[in-house]
Amino acid sequence: MTAPVRRSPLAHRKPASAPDDLLHLSERAFDAKIVLRGTPDILGPALAEVAGVEMPEPTRSTTSDRHRLLWQSPDEFLLLGPKDTELALLDALQAALDGAHVQIVNVSDYHTTLVLAGPKARETLMTLSTLDLHPRGFTVDQVAGTTFGHALGWLVQTADDEAEGGPVFEILVRWSHADYLFCELTHGARAFGMPESKPLSGELMEI
Amino acid sequence: MSGTSRVQGRGLVDRSRPVTFRFDGREIRGFEGDTIASALLANGEIMVGRSFKYHRPRGIVGAGSDDPAAMVQVGDDAAATDPNVMVTTQEIHAGLQAGPQNCWPSLKYDIGVLNDVFMRFFPAGFYYKTFMGSDRFRWLNWMTFEPLIRAAAGLGKAPSKPDPDSYESVNRHCDVLVIGAGPAGLAAATNAARSGARVILVEETPHLGGSLLASDGDTTTIGGKSAADWVEAQKQKLSENPDVTVLTRTTAFGYYAMNFVGLIQRVKDHLPEHQRDAKQPRQRVWRIRAKQVVLATGAIERPLVFNENDRPGIMLASAVRTFLHRYGVLAGKRILIFANNDSAWQTAFDIRAAGGEVAGIVDVRRDLDEGLALRALKAGISVHPRTAIVGTHGRHRVDSAFVAGLDDGGNIRGTRSRIECDLIAVSGGWNPNVALFAQSRGKLKWDEGLASFRPGQSWQEERSAGACNGTLDLADAIAEGAKAGMEAARAADFTVRAVKQPAVETDAVQTLNLVPVWQVPSGLPREKTKAFVDLQDDVKASDLQLATEEGYDSVEHAKRYTTQGMGTDQGKTSNVNAFGIMAEARGITVPEVGTTTFRQPYRPVTIGALGGQHVGAHFMPRRGTPMHDWHRAQNAIFEPVGDWLRARAYPKAGESFQAAVQREARAARTTAGLLDATTLGKIDIRGKDARTFLNRVYTNAWSKLAPGHCRYGLMLGEDGMVSDDGVTACIADDHFHMTTTTGGAASVLQKLEDYLQTEWPDLDVWLTTVTEQWAVAAICGPKAEQIVASIVDGIDLDPAAFPFMTWRDGKIGSVPARVFRVSFTGEVSYEINVPATYGHWLWEQLIAAGKPHGLTPYGTEAMHLLRAEKGFIIVGQETDGTVTPGDLRMDWAVAKKKGDFIGKRSLSRSDTMRDDRKQLVGLLTFDGDHVPMEGAQIIGTADEPAPPVPMQGHVTSAYFSPNLGRSIAMALIKRGGQRMGETVWIARNGDKPVPAKIVGYDFLGDAKGEAA
Amino acid sequence: MFVIDCPNCGPRDQSEFVYGGEAHIARPTKSEDMTDAEWGEFVFMRTNTKGLFAERWWHATGCRKFFNMLRNTATDEIHAVYRIGEKPPKVDADLPATPAGEASIGSGNDAVKIMRADAEAGS
């Protein structure tokens, strides 16, 4: 048996960039990701203790040094943390919330994270998203679960337009939509000089 | 037809950049900025094609997207050719190839013109009357004729090969969307933008300015600036504002619900190949969601309907002005004006000012404005009041008009005389361009002064300004635009202070004084009058009159009967005239006739643009599992399951698909098989009421399932029909791991959330999908235990310690793994779950560990075969939404004594209790080599009787079983469960039915002598 | 394409939502006491209203919550969005206020869409 190898859904894709730092697209694999179901009053103290994050307002996210907490619904939150911390987080949250009516689920492998950064990030997203992504319509720490073309994902803005290299957006996308979305984003950014990645295809379908 | 008609010093074309293109096989010269139409006119040409039905010569009538019939085929590449391109909008560029449509063998000698000779025999409704309603032709049917008729009619040719161009659709939100960049639109956009609102301004042509570009810029001043300078100043203001987007060469084609507006931007169509940026799409669809919309789409001049009015060389008076001022082209050498209003007189004055010749002004009105008459006199233009054109002459272009006086009753009086001319500039008045307003579901209103419809009551958040609102006067239009822009910004929650609007001074005719004339009399009997209303569809006034007489009173019926307005132009220039003619024929007013429905798209949009970037490999996500690359590397054959691509079989080099399936299925029972089962839906269920919840959503009982154990469950709809199935494991008393079918994952989760949120909010249960958190490898067969034992730590695999329908946590290396001892094959089987990122690694470990034991990966086809050998159903294959658990003879999976569950009550409905329902059984064909076709009908006789054939059911699954050495099938057959051993026949298309015996469906168990 | 104002996530494009059918049809709790006809009424019968209609939507890509919506099915006007369990709010029910003033059944696709001369309205 060989040593375990962890492979991300976009292991076959290299980060892509448009000239002049107009846009950068890359995968940040293996973030710890924990879904928490429960009401904010029950979850709040545990999350503050374990991850140092406050409960976010609807459609927003909050951060601490190592964590980001995304609002997903009035009783659903997604905690992000550094790689390889998911089992420790699970245990700590489980302990802090023992006996409460909550659900704590490890979804670290369910999603991967696409990071889209640079002055053309908004326009690129607008080729796929129906959200109002104007700086007045979508701001730092805002969160939306939405569609990107035919892919589903959670969008969060992590750095504002004035920040160096900003704005920065992260999209949490499920494993099986990741390649499609990566390619759609490079396709949508063609006009900015982004090299286009073609979706994997060519599987034999004929008998 | 030689020489150029360019007028020095006019137009926006760039005379330093000559452009040569090909039309109808000939080289034509123009300048950058020309359209095909302006370049043809500059070269003295005007005929561009033939009409739809009668193949009559058709020329250039309009100067923009309102032109009814001047369409060409662009490009001669089978992949990139475009039909129905308007010569009035297509800009010329080097390499452009355009050809006439609807004529063969050539533009000027067209065989279809025979239709014209027989025009009298093609009245309104001809096709319906002849081929659908007539007794004479009843022996022939419409289907025989339709293709012939379509081939003979038709417009351009569709491309026959895949489109090589790329397209894109993008989304935008804005506060104010302004459609049209004429004087009103520019005023609206600049005034809205002052507020800080996000403004998008859309202009169909390459230039901002609209009607100002179709007039002499030196004779009009706005705010003390020449019209051209004013336009430039507005453009500057807009371009300096970062919150304003100006889109030219962009048409708003559809106004949909909630201020959702579709725009089509022609990004590269005007450029020669070498200037087309490969990074840009050919066309782009903008999907705009606007808080407020300002419609400033202008007005469309309507022609006059008179005898022989469809000859090339008969053009809208406003188009003549546009060609003169926008393109610097005099459309004719000797131009006759024919009008019923003042605005067309401006055309005569402009022609004279440009040094052209005016053959006269023929005006149907008796009372003419004295000032205008004086101006005409000064310009040396002869004026013919109370006169009408009653006929025209000229083969491929008009060469003269016949005119006659009118009496007070509007009838022809006196003799007709001839006026030589090579162009007739016509104006019947102006129709506010209300297409988008009407699409937005606004209510139209009749305007007596315009004798046309204009916006009445708005329905959505929009406002009309300028000519599209019936305001033709320039100063009024600018003021109205400014007001609309500010009001829109305010309605979008911005603040803007009113400022003084610029003063407008102009020599241009601003009055209308229209006297409506829907059909100009010709003095000829109706059947001899060729007065065309719709030039694209060849609808004559007489067709509309005939339709009315035949009872097609409703405007919508008459439209379909005559094809009025059904062409690609949507009747932009012709519809109001048609309504007027119908009103006269019925003796009622035009508003009483009403309008036909204005539909999207306003002008044709290529399908490619609507598809956008979502084509080819970008069409849909191709969902693959973490092991996908491995399957690809093995040259697996894939099949789509939902959006997933699953490995269907792994043929070896030289091996057929069927042989591979047989080999894989045999290995799974003789050594070991390995299946990628990652795609199964997985839902994590947690909460103190989780058991209660499962009891209510599954048909069987869950109260006593202990942690560590698994159970199979059937899910029904409230109608009692099987909707999904799967195995659910008890992780802890309040924690379960549910699996669903691959295709049912999303809908099951939705359904469970639905019940939890709306019916049973009192239950403390949480649901979270974990489908893609886990990669799943299912290993089965006699050697499975040995192989699993070699890589899994921490689980005692002894069947006594790890029995069937239980699960255990263990490790593979350092990776946590959850192993389920469940089986979809009947063999000893382990479904190994690891976090998805380890899936590929897990798969490789299993392949390596299984190699010495003959482990064989198998695909979904062998999986189907293996489960059928054991008689396990597949939801969606054995079921089709009409099948109950009883029909499947799976009553064992229904707990009748427990409380209510979804669909329970329906199981005791009289219909579901019928004893003659179809039931699932096994079928063994007498000939064991014959594999029936899935879906084949079951009948009760050895020979197929004459229809209607009594049907007894159908085959749901059929395979050749390598493990039983014969074919097996499952079927839903009436009363099947009570008919064991009976013979039925499987019908075949055009072949003798195949006899088969009804048996139980656990083929493998029966073969081994187990109970069925 | 509508914009639907999700009670949790705010206004979003219709493509994010899944239609959930007619609202306020409670699942019977004593179905065993119901006749086939009564049960069939619950399972199969819906009102198919033209005009003001209470319906359910599911914000599939976002909060995954069901909610109710009052929509005029003749005009696609959304009059109210409210949570599951809440009663439909009172709205001005002079309906259907279609721009064409069409009949409450049938397409009404006829000349009625032209304003009468005496019906003055702001433009």
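Conventions used here
Throughout, a residue's number is its position along its own chain's written sequence, starting from 1. Each chain gets a letter, beginning with A, and each ligand a number, beginning with 1, in the order they are written. Residue-level local features of this predicted model are given only where pLDDT is at least 70; pairs of side-chain atoms are given and counted only at 80 or more, and the full residue set underlies all totals for whole chains, interfaces and linings. To get the side-chain values, take all heavy atoms of the structure and skip hydrogens and water. When two cysteine sulfur atoms are found within 2.5 Å, that pair is recorded as a disulfide. Stacked, edge-to-face and tilted are the three classes for Phe, Tyr and Trp ring pairs, Trp counted by its six-membered ring, which pair at centre distances within 6.5 Å; planes under 30 degrees apart are stacked, over 60 edge-to-face, the rest tilted. Only DSSP runs of H or I with at least four residues qualify as helices, and only runs of E with at least two residues qualify as strands; both kinds are numbered from the N terminus onward. Relative accessibility under 20% of the residue-type maximum defines a buried residue, over 50% an exposed one, and the middle range a partly exposed one, all with a 1.4 Å probe and only protein chains included. For a Lys NZ or an Arg CZ to count as sitting over a ring, it must be within 6 Å of the ring centre and within 35 degrees of the ring normal. All axes here are fitted lines through C-alpha atoms, helices being fitted over the stretch that makes contact, and every angle between N-to-C directions spans 0 to 180 degrees. An angle counts as roughly parallel when it lies under 35 degrees, as roughly antiparallel when it exceeds 145, as roughly perpendicular when it falls between 65 and 115, and as oblique in every other case. By convention the crossing between two helices is left-handed if the near helix lies anticlockwise of the far one by an angle smaller than a right angle, and right-handed if it lies clockwise. Here a residue-residue contact requires only that any non-hydrogen atoms of the pair lie within 4.5 Å. Throughout this entry, Asp, Glu, Lys and Arg are counted as charged residues, while Ala, Val, Leu, Ile, Met, Phe, Trp, Tyr, Cys and Pro are counted as nonpolar. The remaining residues, Gly among them, count as polar. Salt bridges, as used here, are contacts in which a Lys or Arg side-chain nitrogen is within 4 Å of a carboxyl oxygen on Asp or Glu. Summed over both partners, the accessible surface that disappears when two parts come together, traced with a 1.4 Å probe, is what is meant by buried area. Nitrogen and oxygen atoms within 3.5 Å of one another constitute a polar contact, given that in protein one can donate a hydrogen and the other can accept it, and given that sequence-neighbouring residues count only through two side-chain atoms. The pairing criterion is simple: DSSP has to find at least two bridges between the two strands. Take the buried residues of types Ala, Val, Leu, Ile, Met, Phe, Trp, Tyr and Cys, join any two whose side-chain atoms come within 4.5 Å, and each joined set is a nonpolar core. Here the bounds of each domain stem from an automatic or database domain assignment.

Engineer: For this particular structure, what's the right way to read the state of the cysteines?
Structural biologist: The bond known as a disulfide is covalent and runs between the sulfur atoms of two cysteines. Residues and elements named next belong to chain B. As enumerated under the stated definition, the model contains 0 disulfides over all chains in all. Its sulfur unpaired, Cys174 is 17 Å from the next cysteine sulfur, which belongs to Cys468. Free cysteine: Cys780, not disulfide-bonded; nearest cysteine sulfur from Cys710 at 16 Å.

Engineer: Sorry, what's going on with the packing of aromatic side chains here?
Structural biologist: Describing an aromatic ring pair means giving the distance of the ring centres and the angle of the ring planes. All chains considered together, the criterion is met by 21 aromatic pairs over all chains. Ring centres of Tyr19 of chain C and Trp57 of chain C lie 5.1 Å apart, and the angle between their planes is 70 degrees; this geometry places the pair in the edge-to-face category. Here the residue Tyr19 of chain C occupies a position in strand E3 (residues 18-22), and Trp57 of chain C occupies one in strand E4 (residues 52-58), the gap between them amounting to 38 residues. Take Trp57 of chain C: its relative accessible area is 5%, and that puts it in the buried class. A ring pair is formed by Trp39 of chain C and Phe42 of chain C, whose centres lie 5.1 Å apart and whose planes are at 45 degrees; its orientation type is tilted. With Trp39 of chain C and Phe42 of chain C both in helix H1 (residues 36-44) and 3 residues apart, this pair spans about one turn of that helix. A residue is classified by how much of its surface remains accessible, and Phe42 of chain C, at 13% relative accessible area, is buried. Three or more aromatic residues link up through ring pairs in this structure, and these residues are Trp446, Phe453 and Phe579 of chain B. The ring of Tyr602 of chain B carries Lys572 of chain B above its face, with NZ or CZ at 4.3 Å from the centroid. One Lys or Arg, Arg821 of chain B, reaches over the ring of Tyr830 of chain B and ends 5.9 Å from the middle of that ring.

Engineer: Please clarify how the packing of helix H18 (residues 657-670) of chain B against helix H23 (residues 860-870) of chain B should be interpreted in this entry.
Structural biologist: Helix-helix packing: each pair is described by the crossing angle between the helix axes and the interaxial distance. Residues and elements named next belong to chain B. Close contact between H18 and H23 brings their axes to 9 Å; oriented N to C, the two are set at 55 degrees. When the axis of H18 is compared with that of H23, the two are oblique. Relative to H23, the crossing made by H18 is right-handed. Contact residues: Phe657, Val661, Gln662, Glu664, Ala665, Ala668 and Arg669 in H18; Glu861, Ala862, Leu865, Leu866, Glu869 and Lys870 in H23. The class makeup of the residues in the contact of H18 with H23 is 7 nonpolar, 1 polar and 5 charged.

Engineer: Would you mind showing me how to read the pattern of salt bridges here?
Structural biologist: This model, assessed by the stated rule, comprises 82 salt bridges over all chains. The partner of Glu76 of chain A in a salt bridge is Arg37 of chain A, with the nearest N and O atoms 3.8 Å apart. Highlighted residues: Glu76 of chain A in strand E6 (residues 76-81) and Arg37 of chain A in strand E3 (residues 32-37), separated in sequence by 39 residues. The class of Glu76 of chain A is buried, set by a relative accessible area of 8%. For Arg37 of chain A, a relative accessible area of 3% puts it in the buried group. When the shortest N-O distance is used, the salt bridge between Arg648 of chain B and Glu861 of chain B registers 3.1 Å. Taken together, the positions of Arg648 of chain B in strand E33 (residues 644-649) and Glu861 of chain B in helix H23 put the pair 213 residues apart, joining distant regions of the chain. Taking relative accessible area as the criterion, Arg648 of chain B reaches 17% and is therefore assigned buried. Each of the salt bridges in this network shares a partner with another, and the network as a whole consists of Arg37, Asp75 and Glu76 of chain A, Glu753 of chain B together with Arg64 and Lys65 of chain C.

Engineer: What am I meant to see in the interface of chain C and chain A here?
Structural biologist: Bring the parts together and some accessible area is lost; that lost area is often taken as the interface size. Every contact between the two is made by 12 residues of chain C and, on the other side, 18 residues of chain A. With both sides pooled, the region where chain C packs onto chain A buries about 990 Å², and carbon together with sulfur makes up 47% of that total. When residues of chain C are sorted by the area they lose upon contact with chain A, Arg12, Thr61 and Lys65 of chain C head the list and together hold 40% of the total. Linking chain C with chain A are 2 salt bridges, by the criterion used here. A salt bridge links Asp75 of chain A to Lys65 of chain C, with the nearest nitrogen and oxygen atoms 2.8 Å apart. The interface formed by chain C and chain A includes 5 residue pairs in polar contact (both at pLDDT 80 or more). Residues belonging to the side of chain C that touches chain A are distributed by class as follows: 2 nonpolar, 5 polar and 5 charged.

Engineer: Please explain the sheet that holds strand E29 (residues 504-506) of chain B as it appears in this structure.
Structural biologist: Note on sheets: strands pair through backbone hydrogen bonds, and any given pair is parallel or antiparallel. Residues and elements named next belong to chain B. An order of E11-E10-E29 is seen for the 3 strands of this open sheet, with the pairing classed as antiparallel. Lying at the two open borders of the sheet, with one neighbouring strand each, are strand E11 (225-226) and E29. Relative to E11, strand E10 (residues 220-222) runs antiparallel, the two being bridged by 2 bridges. By the bridge assignment, Ile222 is partnered in E11 with Lys225.

Engineer: Explain the side chain of Asn341 of chain B here, please?
Structural biologist: Residue and element names in this part refer to chain B. Along the chain, the position of Asn341 falls in the loop between strand E18 (334-339) and helix H8 (343-353). Judged by relative accessible area, which is 0%, Asn341 ranks as buried. In terms of polar contacts, Asn341 uses its side chain to reach the side chain of Asn340, at 2.9 Å. A polar atom in the side chain of Asn341 sits 2.8 Å from the side chain of Ser343.

Engineer: Mind showing me how you'd approach the sheet that holds strand E4 (residues 61-63) of chain A here?
Structural biologist: Residues and elements named next belong to chain A. One open sheet holds the 5 strands; their spatial order is E4-E5-E6-E3-E7, and the pairing between them is antiparallel. Lying at the two open borders of the sheet, with one neighbouring strand each, are E4 and strand E7 (103-106). Strand after strand, the sheet turns through a mean of 20 degrees between neighbouring axes, direction not considered.

Engineer: Looking at this model, I keep getting lost on the packing of helix H12 (residues 541-549) of chain B against helix H14 (residues 575-586) of chain B. Mind explaining?
Structural biologist: Residue and element names in this part refer to chain B. Contact pair H12 / H14: the axes reach a minimum separation of 9 Å and the direction vectors enclose 45 degrees. One finds that H12 runs oblique with respect to H14. Where H12 crosses over H14, the handedness of that crossing is right-handed. Here Ala541, Leu544, Gln545 and Thr548 of H12 come into contact with H14, specifically with Ala578, Ile581, Met582, Ala585 and Arg586. Tallied by class, the residues present in the contact of H12 with H14 amount to 6 nonpolar, 2 polar and 1 charged.

Engineer: Any chance you could explain the interface of chain A and chain B here in plain terms?
Structural biologist: With 60 residues of chain A at the interface, the matching set in chain B holds 69 residues. Approximately 5,600 Å² of surface area, both sides summed, lies buried where chain A meets chain B, with 53% of it carried by carbon and sulfur atoms. Three residues stand out in chain A for area buried against chain B, namely Met1, His101 and Arg190 of chain A, and they jointly supply 11% of the buried area on that side. With its nearest N and O atoms 3.8 Å apart, the salt bridge here joins Asp175 of chain B to Arg136 of chain A. Counting the contacts that link chain A with chain B gives 35 residue pairs in polar contact (both at pLDDT 80 or more). Counting residues per element, the ones that place at least two in the side of chain A that touches chain B are E3, E7, helix H3 (121-126) and helix H4 (175-188) of chain A.

Engineer: Looking at this structure, how should I read the nonpolar core?
Structural biologist: Inside soluble globular proteins, nonpolar side chains tend to come together where they are buried. All names here are of chain B. With 58 residues, the main nonpolar core has Ile36, Ile60, Met315, Phe323 and Ile337 as its most contacted residues. Excluding anything up to four places from it in sequence, Ile36 contacts Phe21, Val72, Val87, Gln90, Ile92, Leu96 and Ala98. If you look at the next biggest cluster of nonpolar residues, it comprises 49 residues, including Ala665, Leu714, Tyr858 and Leu920.

Engineer: Quick question: what am I supposed to make of the domain arrangement of chain A here?
Structural biologist: Residues and elements named next belong to chain A. Per the domain assignment, the segments of chain A are domain 1 (16-29 + 110-199) and domain 2 (32-107). The C-alpha centroid of domain 2 is placed 24 Å from the C-alpha centroid of domain 1. Listed as interface residues are 14 residues of domain 1 and, on the opposing side, 11 residues of domain 2. Here domain 1 and domain 2 share 1 salt bridge between them. The shortest N-O distance in the salt bridge between Asp141 and Arg68 comes to 2.9 Å. The interface formed by domain 1 and domain 2 holds 8 residue pairs in polar contact (both at pLDDT 80 or more) in total. Where the side of domain 1 that touches domain 2 is concerned, the elements lending two or more residues are strand E8 (111-117) and strand E10 (151-159). The element that contributes the greatest number of residues to the side of domain 1 that touches domain 2 is E10, accounting for 4 residues. Considering only residue class, the side of domain 1 that touches domain 2 consists of 6 nonpolar, 7 polar and 1 charged.

Engineer: Any chance you could explain the environment of Gln283 of chain B here in plain terms?
Structural biologist: Residue and element names in this part refer to chain B. Looking at the secondary structure, you find Gln283 in strand E15 (residues 283-295). The exposure class assigned to Gln283 is buried, which follows from its relative accessible area of 5%. Taking the C-alpha atoms as reference, Gln283 lies 5.3 Å from Tyr167; in sequence the two are 116 residues apart. Residues within four places of Gln283 in sequence aside, it is in contact with Ser166, Tyr167, Glu168, Ile264, Gln265, Arg266, Val267, Asp269, Thr606 and Ala609. At 2.7 Å, the side chain of Gln283 and the side chain of Thr606 are in polar contact.

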